[in-house]
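These are the residues of each chain, in order.
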Amino acid sequence: MPGQLYKAAAIVGAAEANEIGFLQEPATALQLHIEAIKNLSDQTGIPISKIEGVFSTGWSSELCEHLGIQPKYIDTTAVGGCSFEMHVHHAMAAIHSGIIDIALISHGENGFSARKIGGGGSGNYGRGAGIASPAHEMTMAYGLGGASSNYAHAMVRHMHRYGTTTEDFAHIAKVSRDWAMLNPRAAMYSKEKHPFGGPITVEQVEESRLIAWPLTILHCCMVADHGGAVFVVSPKVAAGLKTKPVWIAGAGESMGHANMLEMDDFTATSASVSAQAAYNMAGMGPDDMEMALIYDSFTITAAITAEMLGLAALGEGHTLWKDGHAAPGGKFPINTNGGGLSFNHSGMYGMPLLIEGYRQLSGTAEDGVNGDPGKQTSARTCVINGTGGTLSTTSTLVLIADD
Amino acid sequence: MTLSISSLSISILSISSGAIWLPQSVNMFWLRLIYCGEELKLAYNTPIPTQGKHTKPFWQGTQEGKLMLPRCQDCNRVHWYPRFICPSCHSTNLEWIQGSGEGTIHTFAVQHLAFGAWAEEAPYVTAYIDLKEGDRMLTVLRGVDPNKPEDIKVGARVVVEFDQASEDMHIPYWRMVEE
Ligand SMILES: [Zn+2]
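Since we're looking at a predicted model, the values are computed, not measured. (Residues numbered from 1 in each chain as written. Chains lettered and ligands numbered in written order. Predicted model: local features only at pLDDT ≥ 70, side-chain atom pairs only at ≥ 80, totals over all residues. Heavy atoms only, no water.)

### Details of the coordination of the zinc ion
All names here are of chain B. Counted only if it meets this: Water is not among the atoms examined, so metal sites may look incomplete; donors are the N, O and S atoms within 2.8 Å of the metal, or within 3.2 Å for Na, K and Ca. Geometry is assigned from the angles between donors: four donors with all angles from 85 to 135 degrees make a tetrahedral site, four or six donors whose opposite pairs exceed 155 degrees while the rest stay between 65 and 115 make square planar or octahedral sites respectively, and everything else is labelled irregular. Per the convention used, a helix needs a DSSP run of H or I reaching at least four residues, while a strand needs a run of E reaching at least two, with both numbered from the N terminus.
Every protein donor of the zinc ion is listed here as Cys 72 (SG), Cys 75 (SG), Cys 86 (SG) and Cys 89 (SG), and their distances to the metal cover 2.3 Å. Coordination at the zinc ion is tetrahedral: its four donor atoms span angles of 102 to 117 degrees at the metal. The motif formed by the donor residues of the zinc ion, counted along the single chain, is C-x2-C-x10-C-x2-C. Residue Cys 72 is located in strand 5 (residues 68-72), and its partner Cys 89 is located in the loop between strand 5 and strand 6 (94-98); the two are separated by 17 residues in the primary sequence.

Right, here's the structure in full:
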C-alpha cells in the first residue's frame, strides 16, 4: 500500500533561463533564476502572483523580494546538488498538508559567467546573490552596518506615526532585565555574572550609549554564544517518553522583503500574516494566548511584533511592558527568559524562543538552573514569533500545554 | 591639506579637467589637484558599488547628473532597486526614465556606531527617501545636523546630488532643502 504522500503532488511545468550554456554575454545567477521563473509562468499560465511556496538553495527570500510576492511557505534547503529533489519532497509534504497548492522550485547558477563577473557560481548555494545582488549594489555605499543601523529607522517611523517615545520602548528593556534576574543562565542575571548585568532603570536605558539614534545600547540585544536543539516527534513517540510533551497547535510563516529598502510599512511586519495562519491552524486567537515569546532583537522589534500578533492595538505594543502586564507577576508574561535583550542572543534567536516555550508549558521553567522562584508562569498557551533579516521574514507558532 | 569631497565636490570637480588622476586602489580614489600653487587632495574613502549587469543606465545617468529610474512599460510603475522583472505586474517590458531628483524623507536614523571607512564619518544620518516618482531609496542625508535629530523631520523635502567616487562612478546623495 502506498504511503500518504503517494501522488500527493505533480510537476506541471518546467522551463529554463532564456540563454543557457557557455554564455557569451555573462549572466548573473539572479537573472537566470528570474528568466526561468518568468518562462515557467508563461508556459503553465500560472501567474507569478499565485505562487504560494518558494523552494531554492538559499535564494528564496531574495527571489520573493525581486518578484514582489509574499509566500506562505519558504524553504532554502541547501545541501548541494541534490537539494532540488529534497525541495520536491518538502513541497509534497507542504501541499499534502494543505498549507500550499502551488510550489515554485527555482535554480540559477552562473558557474561559467562567474569567472567573468563573479557572483553566484558553483558552490554558492545557501548564500543567495550576496554582494552581486542589485539591492546590495544600490545600498552598500551608504554606511549601514549591523542590524541596529537598520532597525533604528523603524523606531523613528513608529514614533512619527504613533507619537511613541524612546521612553515607551525603554520599558521593554527594563522588564526584560527583570525577567533575566530570575534566570541564572541569563547573561545579564546579575552584576556578579556580567559587569552590565543586574537591575536597570528606564532612565538608564534612555541614557546609555547611543548606537544608532534613537537606539541606545540597552535598546539592542546582545551578541553572545548560544547552542540549543529541540526534538519534534509524532504523538506516538511522545507517548512513550519520560519528558512531557508541549503540543504545536498552530504554525505559520510569511515574509515582507529581504532588504529593508523594500520594507513597505516600517511600522508593520509580515507577523500579522504568519500569526493569522498560526491562529487559524490552532482554531484560536490572540485572546486565547496566556503568554508570548517574541524575538526582541531591539525593543522596537518586540513592540511592533506584539501589535502584529494582535496582542495590542497598532501603536500600543509597548503598553504591555509599560503597564507591567509583561513583567514577572503580570497578567500577560512576555519573554520570560529575559529575551535577546538580557538572556542571550547569538545572532539568530529563534531557538531560545522554542526552548523557553517548551520550559514554560512543560512546567520546567523554574528548575533552579534555568529559573529561580518567580520565573514559572501559569500559562497554558503561548504564542511564539521569530523575526528574521531586517524585519523581513516571520514565523509564528502557537504552543499549548499537555492536558 | 585633505578635504572631504562632500564639501568641495561641486567647486573642485567643475575645474577638474586639469587634474591629474591617481587611482591607488579599487576602494580608494585620490584626486590630486594643482591649483594656484596649492596641492589639494580629495578622497572618496567610503565603499563604492560594483556596477551590475543590468544597472548600467543608472550609473551612466549619474555621470551626467541625472537620476535614471526603472519603469514598467505595462503598468507604468517606477521601482527601486532595478529588477529583471516588474515587481508589480511581472512584465519584463522595462525602460529607464529620467527622474526629477526630488523626494521626501520617509524615515531616518543617526549612525553613531559605524564600521570601516564610515567609522570616521560618524555620527551621520542615514535616511530612506520616498521618490517623487514612487518607491524608495537609501541615502546618507546631507544638509542636516546629526547631533540635532529632533530638527530632522519625516516628510521633509530632499533633492539629489552626485559625488564623483572614482573615474567612472558617481554616487547619488540626498540633501534636505529649506522649506
Ligand atoms: Zn509592471
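### Quick word on the packing of aromatic side chains
Each aromatic ring pair is summarised here by two numbers: the centre-to-centre distance and the angle between the ring planes. Heads up, the rule is: Between rings of Phe, Tyr and Trp, where Trp is taken as its six-membered ring, a pair exists when centres lie within 6.5 Å; planes separated by under 30 degrees are stacked, by over 60 edge-to-face, and by other angles tilted. To sort residues, take the accessible area from a 1.4 Å probe on protein chains only and compare it with the maximum for the residue type: under 20% means buried, over 50% means exposed, and anything in between is partly exposed.
Within this structure, the stated rule accounts for ten aromatic pairs over all chains. Considering the side-chain rings of Phe 22 of chain A and Phe 112 of chain A, the 5.0 Å spacing of their centres and the 90 degrees angle between planes classify their relative orientation as edge-to-face. Of this pair, Phe 22 of chain A sits in the segment before helix 1 (29-44) while Phe 112 of chain A sits in the loop between strand 3 (103-105) and helix 4 (114-117); the two residues are 90 residues apart in sequence, bridging distant segments of the chain. With 5.1 Å between their ring centres and 50 degrees between their planes, Phe 266 of chain A and Tyr 128 of chain B make a pair best called tilted. Highlighted residues: Phe 266 of chain A in the loop between strand 6 (246-255) and helix 10 (271-282) and Tyr 128 of chain B in strand 8 (residues 124-131), drawn from two different chains. Judged by relative accessible area, which is 1%, Tyr 128 of chain B ranks as buried. Among the aromatic residues, ring-to-ring pairing joins Phe 58, Trp 59 and Trp 80 of chain B into one connected group.

### A few points about the pattern of salt bridges
Quick reminder of the rule: Between Lys or Arg on one side and Asp or Glu on the other, a salt bridge is scored when a side-chain nitrogen of the former is within 4 Å of a carboxyl oxygen of the latter.
The final tally for this structure, using the stated rule, is 14 salt bridges over all chains. In this structure, Glu 262 of chain A engages Arg 83 of chain B in a salt bridge whose closest nitrogen and oxygen atoms are separated by 3.2 Å. Of the two residues, Glu 262 of chain A sits in the loop between strand 6 and helix 10 while Arg 83 of chain B sits in the loop between strand 5 and strand 6, which places them in two different chains. Between Glu 161 of chain B and Arg 142 of chain B there is a salt bridge, and its shortest N-O distance comes to 2.9 Å. On the criterion of sequence distance, the pair formed by Glu 161 of chain B in strand 10 (residues 157-166) and Arg 142 of chain B in strand 9 (residues 136-142) is long-range, its members being 19 residues apart. The same class applies to Glu 161 of chain B and to Arg 142 of chain B, which are both buried. Through salt bridges with shared partners, a single network forms among Arg 142, Glu 161, Asp 163 and Arg 175 of chain B.

### Here's the deal with the interface of chain A and chain B
Our working definition: Residue contacts are defined here by distance: any two heavy atoms, one from each residue, within 4.5 Å place the two residues in contact. Throughout this description, a polar contact denotes any pair of N or O atoms lying within 3.5 Å of each other; where both atoms belong to protein, one of them has to be capable of donating a hydrogen while the other can accept it, and for residues adjacent in sequence the pair is counted only when both atoms sit in side chains.
On the side of chain B, 46 residues touch chain A, which itself brings 44 residues to the contact. Inspection of the region where chain A meets chain B yields one salt bridge. For the pair chain A and chain B, the number of links is 24 residue pairs in polar contact (both at pLDDT 80 or more). Looking at the side of chain A that touches chain B, the elements with two or more residues in it are helix 1, helix 2 (60-67), helix 5 (134-137), helix 6 (147-162) and strand 4 (210-213) of chain A.

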